[in-house]
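Okay, here's what each chain looks like letter by letter:
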Amino acid sequence: MEISSPWVWTRKDAFNKDDIPPFRKVRFHLGQDICAAVTYFATSVQVHLRDENNRLYPTKKVSPCMSSCGTRQSLANRIELINVPSSTEETFVLKDALMISTVFIEDVPHITCQRYFKQKDFSRKFIPGTCVMNENSWLELAQIRKRITESAMSMVFDCIFRKLLLNEVSKFTPNVAVNTDISEVESVLTTSLIELFYEYLGNSITDVFECFGCTQGYANQLGHECITKDRETRLQLFGDLAFFAMNFEQLIQDFKRNIQMLNYISPMFVNNWDMTCVINNAKSMYIASDIHLLP
(Lines give C-alpha, C1' and ligand atoms only; values in the text may rest on other atoms or scores of the structure.)
Protein backbone atom coordinates (compact mmCIF):
# COMPACT_ATOMS: atom_id res chain seq x y z
CA MET A 1 0.00 0.00 0.00
CA GLU A 2 1.49 3.27 -1.07
CA ILE A 3 0.25 6.63 0.11
CA SER A 4 1.39 9.13 -2.46
CA SER A 5 -0.05 12.37 -1.17
CA PRO A 6 -2.12 14.01 1.54
CA TRP A 7 -5.24 13.41 -0.56
CA VAL A 8 -5.36 9.80 -1.66
CA TRP A 9 -7.10 6.48 -1.73
CA THR A 10 -5.64 3.23 -2.99
CA ARG A 11 -7.23 0.04 -4.22
CA LYS A 12 -4.87 -2.87 -4.79
CA ASP A 13 -5.55 -6.42 -5.94
CA ALA A 14 -3.25 -9.34 -6.52
CA PHE A 15 -2.40 -10.71 -9.95
CA ASN A 16 0.28 -13.00 -11.25
CA LYS A 17 3.68 -11.27 -11.10
CA ASP A 18 4.17 -12.26 -14.75
CA ASP A 19 0.88 -10.62 -15.75
CA ILE A 20 1.28 -7.05 -14.48
CA PRO A 21 -1.16 -4.74 -16.32
CA PRO A 22 0.11 -1.60 -18.11
CA PHE A 23 0.48 1.85 -16.59
CA ARG A 24 -2.43 4.27 -16.97
CA LYS A 25 -2.76 7.86 -15.80
CA VAL A 26 -5.33 10.65 -15.93
CA ARG A 27 -4.42 14.18 -14.83
CA PHE A 28 -6.64 17.00 -13.61
CA HIS A 29 -4.84 20.34 -13.61
CA LEU A 30 -5.51 22.54 -10.58
CA GLY A 31 -3.27 25.46 -11.53
CA GLN A 32 -0.29 26.67 -9.46
CA ASP A 33 1.77 23.86 -11.10
CA ILE A 34 -0.29 21.27 -9.19
CA CYS A 35 -2.43 18.48 -10.61
CA ALA A 36 -4.53 15.66 -9.19
CA ALA A 37 -3.47 12.37 -10.80
CA VAL A 38 -5.40 9.12 -11.02
CA THR A 39 -2.96 6.33 -11.83
CA TYR A 40 -3.02 2.58 -12.34
CA PHE A 41 0.19 0.60 -12.12
CA ALA A 42 1.25 -2.80 -10.79
CA THR A 43 -2.34 -3.79 -9.85
CA SER A 44 -2.91 -0.59 -7.83
CA VAL A 45 -5.19 2.39 -8.50
CA GLN A 46 -4.17 5.58 -6.69
CA VAL A 47 -5.37 9.16 -6.45
CA HIS A 48 -2.71 11.63 -5.41
CA LEU A 49 -1.42 15.18 -5.86
CA ARG A 50 1.58 15.92 -8.06
CA ASP A 51 3.38 18.99 -9.22
CA GLU A 52 3.67 19.50 -12.96
CA ASN A 53 7.24 18.11 -12.88
CA ASN A 54 5.74 14.75 -11.86
CA ARG A 55 6.95 14.86 -8.24
CA LEU A 56 4.63 13.38 -5.62
CA TYR A 57 3.41 14.97 -2.37
CA PRO A 58 4.94 12.82 -0.66
CA THR A 59 5.53 9.04 -0.93
CA LYS A 60 5.42 6.61 1.99
CA LYS A 61 4.04 3.14 2.69
CA VAL A 62 1.51 3.37 5.51
CA SER A 63 -2.15 2.70 6.32
CA PRO A 64 -4.49 -0.01 4.95
CA CYS A 65 -6.83 0.40 2.00
CA MET A 66 -10.01 1.13 3.93
CA SER A 67 -8.36 3.96 5.88
CA SER A 68 -7.16 5.63 2.68
CA CYS A 69 -10.51 5.20 0.94
CA GLY A 70 -12.34 6.60 3.96
CA THR A 71 -10.05 9.63 4.14
CA ARG A 72 -10.57 10.43 0.47
CA GLN A 73 -14.34 10.03 0.75
CA SER A 74 -14.51 12.14 3.91
CA LEU A 75 -12.61 14.94 2.19
CA ALA A 76 -14.81 14.70 -0.91
CA ASN A 77 -17.91 15.06 1.27
CA ARG A 78 -16.58 17.95 3.38
CA ILE A 79 -14.38 19.87 0.97
CA GLU A 80 -16.95 22.61 0.35
CA LEU A 81 -17.18 23.25 4.09
CA ILE A 82 -13.46 24.00 4.33
CA ASN A 83 -13.06 27.59 3.20
CA VAL A 84 -9.91 29.53 2.44
CA PRO A 85 -9.40 31.81 5.48
CA SER A 86 -10.60 35.37 5.36
CA SER A 87 -9.52 36.41 8.86
CA THR A 88 -8.73 33.42 11.10
CA GLU A 89 -6.74 30.23 10.60
CA GLU A 90 -8.37 26.83 11.20
CA THR A 91 -7.35 23.19 11.28
CA PHE A 92 -9.47 20.19 10.26
CA VAL A 93 -8.65 16.54 10.93
CA LEU A 94 -10.23 13.88 8.71
CA LYS A 95 -10.35 10.21 9.69
CA ASP A 96 -7.47 10.81 12.10
CA ALA A 97 -5.17 10.55 9.08
CA LEU A 98 -5.27 13.84 7.18
CA MET A 99 -4.72 17.32 8.58
CA ILE A 100 -5.98 20.28 6.57
CA SER A 101 -5.06 23.78 7.71
CA THR A 102 -6.18 27.18 6.47
CA VAL A 103 -3.21 29.50 6.86
CA PHE A 104 -1.79 32.83 5.74
CA ILE A 105 1.51 32.84 3.87
CA GLU A 106 2.86 36.35 3.37
CA ASP A 107 -0.66 37.65 4.11
CA VAL A 108 -2.13 35.48 1.32
CA PRO A 109 -4.64 32.75 2.34
CA HIS A 110 -3.70 29.14 1.51
CA ILE A 111 -4.78 25.57 2.28
CA THR A 112 -2.16 23.07 3.47
CA CYS A 113 -2.63 19.28 3.51
CA GLN A 114 -0.46 16.79 5.36
CA ARG A 115 -0.84 13.06 6.00
CA TYR A 116 0.03 11.42 9.30
CA PHE A 117 -0.47 8.14 11.08
CA LYS A 118 -0.77 7.06 14.68
CA GLN A 119 2.11 5.24 16.30
CA LYS A 120 1.84 2.53 18.91
CA ASP A 121 1.97 5.10 21.69
CA PHE A 122 -0.96 6.94 19.98
CA SER A 123 1.23 9.91 19.07
CA ARG A 124 0.99 11.36 15.55
CA LYS A 125 3.83 10.94 13.11
CA PHE A 126 3.59 13.25 10.11
CA ILE A 127 4.67 12.03 6.70
CA PRO A 128 7.38 14.31 5.27
CA GLY A 129 6.10 16.82 2.74
CA THR A 130 3.19 19.24 2.73
CA CYS A 131 0.97 20.21 -0.18
CA VAL A 132 0.24 23.95 -0.24
CA MET A 133 -2.58 25.26 -2.44
CA ASN A 134 -3.78 28.77 -3.04
CA GLU A 135 -7.47 29.63 -3.13
CA ASN A 136 -7.91 29.02 -6.86
CA SER A 137 -6.31 25.56 -6.75
CA TRP A 138 -8.38 24.55 -3.72
CA LEU A 139 -11.64 25.70 -5.33
CA GLU A 140 -10.73 23.86 -8.54
CA LEU A 141 -10.10 20.67 -6.54
CA ALA A 142 -13.50 21.07 -4.87
CA GLN A 143 -15.19 21.61 -8.22
CA ILE A 144 -13.72 18.57 -10.01
CA ARG A 145 -13.67 16.11 -7.10
CA LYS A 146 -16.55 14.13 -8.60
CA ARG A 147 -14.73 13.80 -11.93
CA ILE A 148 -11.65 12.55 -10.08
CA THR A 149 -13.75 9.95 -8.26
CA GLU A 150 -15.42 8.85 -11.50
CA SER A 151 -12.02 8.44 -13.16
CA ALA A 152 -10.74 6.37 -10.25
CA MET A 153 -13.86 4.19 -10.26
CA SER A 154 -13.55 3.67 -14.01
CA MET A 155 -9.98 2.42 -13.56
CA VAL A 156 -10.97 0.14 -10.69
CA PHE A 157 -13.65 -1.59 -12.75
CA ASP A 158 -11.82 -1.57 -16.08
CA CYS A 159 -8.35 -2.49 -14.84
CA ILE A 160 -9.04 -4.57 -11.73
CA PHE A 161 -12.56 -6.05 -11.76
CA ARG A 162 -12.55 -6.78 -15.50
CA LYS A 163 -9.08 -8.34 -15.21
CA LEU A 164 -10.16 -10.59 -12.35
CA LEU A 165 -13.26 -11.66 -14.28
CA LEU A 166 -11.20 -12.40 -17.39
CA ASN A 167 -8.91 -14.59 -15.30
CA GLU A 168 -11.93 -16.65 -14.24
CA VAL A 169 -13.42 -16.77 -17.76
CA SER A 170 -10.14 -18.09 -19.14
CA LYS A 171 -10.71 -21.26 -17.10
CA PHE A 172 -13.82 -22.10 -19.16
CA THR A 173 -14.21 -23.18 -22.76
CA PRO A 174 -17.14 -21.22 -24.24
CA ASN A 175 -19.99 -23.52 -25.21
CA VAL A 176 -21.30 -22.42 -28.60
CA ALA A 177 -24.59 -24.22 -29.13
CA VAL A 178 -26.43 -24.02 -32.44
CA ASN A 179 -29.77 -23.08 -30.88
CA THR A 180 -28.34 -20.58 -28.41
CA ASP A 181 -29.40 -16.96 -28.77
CA ILE A 182 -26.17 -15.15 -27.84
CA SER A 183 -27.98 -11.86 -27.22
CA GLU A 184 -30.29 -13.60 -24.76
CA VAL A 185 -27.32 -15.17 -22.98
CA GLU A 186 -25.58 -11.81 -22.73
CA SER A 187 -28.78 -10.23 -21.39
CA VAL A 188 -29.11 -12.90 -18.69
CA LEU A 189 -25.44 -12.58 -17.72
CA THR A 190 -25.67 -8.78 -17.53
CA THR A 191 -28.87 -8.86 -15.47
CA SER A 192 -27.31 -11.35 -13.08
CA LEU A 193 -24.22 -9.18 -12.62
CA ILE A 194 -26.34 -6.05 -12.03
CA GLU A 195 -28.39 -7.83 -9.37
CA LEU A 196 -25.23 -9.08 -7.68
CA PHE A 197 -23.69 -5.59 -7.64
CA TYR A 198 -26.95 -4.26 -6.20
CA GLU A 199 -26.78 -6.79 -3.36
CA TYR A 200 -23.10 -6.10 -2.67
CA LEU A 201 -23.70 -2.34 -2.84
CA GLY A 202 -26.36 -2.48 -0.12
CA ASN A 203 -24.16 -4.57 2.17
CA SER A 204 -21.08 -2.44 1.52
CA ILE A 205 -22.91 0.84 2.23
CA THR A 206 -24.11 -0.65 5.51
CA ASP A 207 -20.52 -1.55 6.39
CA VAL A 208 -19.04 1.89 5.64
CA PHE A 209 -22.00 4.01 6.80
CA GLU A 210 -21.13 6.36 9.65
CA CYS A 211 -24.05 7.05 12.00
CA PHE A 212 -23.48 9.85 14.50
CA GLY A 213 -26.38 8.59 16.62
CA CYS A 214 -24.80 5.16 16.94
CA THR A 215 -21.39 6.56 17.89
CA GLN A 216 -22.99 8.77 20.53
CA GLY A 217 -25.34 6.04 21.78
CA TYR A 218 -28.57 8.00 21.28
CA ALA A 219 -31.65 6.24 22.66
CA ASN A 220 -34.06 8.04 20.34
CA GLN A 221 -34.17 6.34 16.93
CA LEU A 222 -34.90 9.68 15.25
CA GLY A 223 -31.37 10.70 16.14
CA HIS A 224 -29.90 7.82 14.14
CA GLU A 225 -28.95 8.60 10.53
CA CYS A 226 -28.73 4.87 9.82
CA ILE A 227 -32.53 4.81 10.24
CA THR A 228 -33.65 8.22 9.01
CA LYS A 229 -31.51 8.71 5.87
CA ASP A 230 -33.05 7.45 2.65
CA ARG A 231 -31.09 5.30 0.23
CA GLU A 232 -30.51 8.06 -2.30
CA THR A 233 -28.74 10.14 0.38
CA ARG A 234 -26.74 7.13 1.56
CA LEU A 235 -25.65 6.44 -2.00
CA GLN A 236 -24.62 10.05 -2.48
CA LEU A 237 -22.52 10.12 0.71
CA PHE A 238 -21.10 6.59 0.81
CA GLY A 239 -21.75 4.98 -2.59
CA ASP A 240 -18.28 5.60 -4.02
CA LEU A 241 -16.54 4.31 -0.92
CA ALA A 242 -18.84 1.27 -0.88
CA PHE A 243 -17.87 0.32 -4.44
CA PHE A 244 -14.16 0.85 -3.73
CA ALA A 245 -14.36 -1.36 -0.63
CA MET A 246 -16.13 -4.29 -2.31
CA ASN A 247 -14.55 -7.71 -2.31
CA PHE A 248 -14.38 -8.27 -6.08
CA GLU A 249 -12.90 -11.75 -5.75
CA GLN A 250 -15.86 -12.92 -3.64
CA LEU A 251 -18.35 -11.16 -5.92
CA ILE A 252 -16.97 -13.02 -8.94
CA GLN A 253 -17.14 -16.34 -7.10
CA ASP A 254 -20.81 -15.64 -6.25
CA PHE A 255 -21.41 -14.70 -9.88
CA LYS A 256 -20.02 -18.07 -10.99
CA ARG A 257 -22.27 -19.93 -8.54
CA ASN A 258 -25.42 -17.97 -9.32
CA ILE A 259 -25.41 -18.18 -13.11
CA GLN A 260 -25.96 -21.36 -15.11
CA MET A 261 -24.90 -19.80 -18.42
CA LEU A 262 -21.37 -18.90 -17.38
CA ASN A 263 -19.92 -21.49 -19.74
CA TYR A 264 -21.31 -19.41 -22.62
CA ILE A 265 -19.33 -16.31 -21.65
CA SER A 266 -16.32 -15.33 -23.73
CA PRO A 267 -13.37 -12.96 -23.17
CA MET A 268 -14.66 -10.78 -25.99
CA PHE A 269 -17.96 -10.35 -24.18
CA VAL A 270 -16.20 -9.44 -20.92
CA ASN A 271 -13.98 -6.91 -22.71
CA ASN A 272 -17.01 -5.28 -24.31
CA TRP A 273 -19.06 -5.22 -21.10
CA ASP A 274 -20.21 -1.67 -20.34
CA MET A 275 -19.31 -1.55 -16.64
CA THR A 276 -20.56 2.03 -16.27
CA CYS A 277 -24.02 0.89 -17.36
CA VAL A 278 -23.87 -2.10 -14.99
CA ILE A 279 -22.93 0.10 -12.03
CA ASN A 280 -25.54 2.75 -12.82
CA ASN A 281 -28.26 0.10 -13.03
CA ALA A 282 -27.16 -1.36 -9.69
CA LYS A 283 -27.39 2.14 -8.16
CA SER A 284 -30.89 2.62 -9.60
CA MET A 285 -32.03 -0.71 -8.14
CA TYR A 286 -30.63 0.27 -4.75
CA ILE A 287 -32.57 3.55 -4.71
CA ALA A 288 -35.77 2.00 -6.10
CA SER A 289 -35.83 -0.64 -3.34
CA ASP A 290 -35.89 2.02 -0.60
CA ILE A 291 -38.70 1.27 1.87
CA HIS A 292 -39.14 5.05 2.30
CA LEU A 293 -40.34 5.21 -1.33
CA LEU A 294 -42.82 2.33 -1.10
CA PRO A 295 -46.51 3.39 -1.14
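The rules we used
- Residues numbered from 1 in each chain as written.
- Predicted model: local features only at pLDDT ≥ 70, side-chain atom pairs only at ≥ 80, totals over all residues.
- Heavy atoms only, no water.
- Core = buried A, V, L, I, M, F, W, Y, C linked by side-chain atoms within 4.5 Å.
- Buried < 20%, exposed > 50% of the residue type's maximum accessible area, 1.4 Å probe, protein only.
- Helix = DSSP H or I, 4+ residues; strand = E, 2+ residues; numbered from the N terminus.
- Contact = heavy atoms within 4.5 Å.
- Salt bridge = Lys/Arg side-chain N within 4 Å of Asp/Glu carboxyl O.
- Expected span 1.5 Å × (residues − 1).
- Arc of directions from axis to C-beta.
- Polar contact = N/O pair within 3.5 Å; in protein donor to acceptor, adjacent residues only side chain to side chain.
- Pairing = 2+ DSSP bridges.

Would you take a moment to explain the nonpolar core for this structure?
Most often, soluble globular proteins keep nonpolar side chains buried together rather than apart. With 69 residues, the main nonpolar core has I100, W138, F161, F197 and W273 as its most contacted residues. If one sorts the elements of this core by residue count, helix α2 (residues 135-169) sits on top with 16 residues. Sequence-distant contacts of F197, that is, excluding residues within four places in its chain, are made with F157, F161, F243, M246, F248, L251, M275, V278, I279 and A282.

Teacher, can you tell me more about the pattern of salt bridges here?
Where charged atoms from two side chains of opposite charge come close, those side chains can pair. For the structure on display, the rule yields 3 salt bridges. Residue R162 pairs with D158 through a salt bridge whose shortest N-O separation is 2.7 Å. You can see R162 and its partner D158 sitting in helix α2, 4 residues apart, about one turn around the helix. A relative accessible area of 30% places D158 in the partly exposed class.

For this particular structure, what's the right way to read the environment of I265?
Following the sequence through the fold, I265 ends up in the loop between α7 (248-258) and α8 (267-272). On a C-alpha basis, the gap between I265 and L189 in space is 8.2 Å, while along the polypeptide they are 76 residues apart.

What is the right way to look at helix α9 (residues 275-288) in this model?
Given 3.6 residues per turn, any residue in an α-helix points the same way as the ones three and four places further on. For α9, with 14 residues, the first-to-last C-alpha span of 20 Å sits near the 20 Å given by 1.5 Å per residue. Restricting attention to buried positions, one finds in α9 the residues M275, V278, I279, A282 and Y286. Buried positions in α9, seen along its axis, are confined to an arc of 95° and lie on one side of it. Away from its buried face by more than 90 degrees, α9 exposes T276 and A288. Where α9 begins, the capping side chain belongs to D274, and its oxygen is found 3.2 Å from the backbone nitrogen of T276.

I tried to follow the pairing of strand β6 (residues 98-105) on my own but got confused; where do I start?
Remember that side chains alternate between the two faces of the sheet whenever the strand is regular. Among the 8 residues of β6, 6 are classified as buried, and the element is accordingly described as predominantly covered. As judged from the 5 bridges shared by strand β5 (residues 90-94) and β6, these two strands associate in the antiparallel manner. Paired with T91 across the two strands is S101, which belongs to β6. Between β5 and β6, which pair antiparallel and follow one another directly, the connecting turn spans 3 residues, one of which, K95, has a positive phi of 55°. Bridge count between β6 and strand β7 (residues 108-118): 8 bridges; the pairing is antiparallel. Paired with L98 across the bridge in β7 is R115. Counting the residues that bridge the hairpin from β6 to β7 gives 2 residues, and of these E106 lies at a positive phi of roughly 55°.

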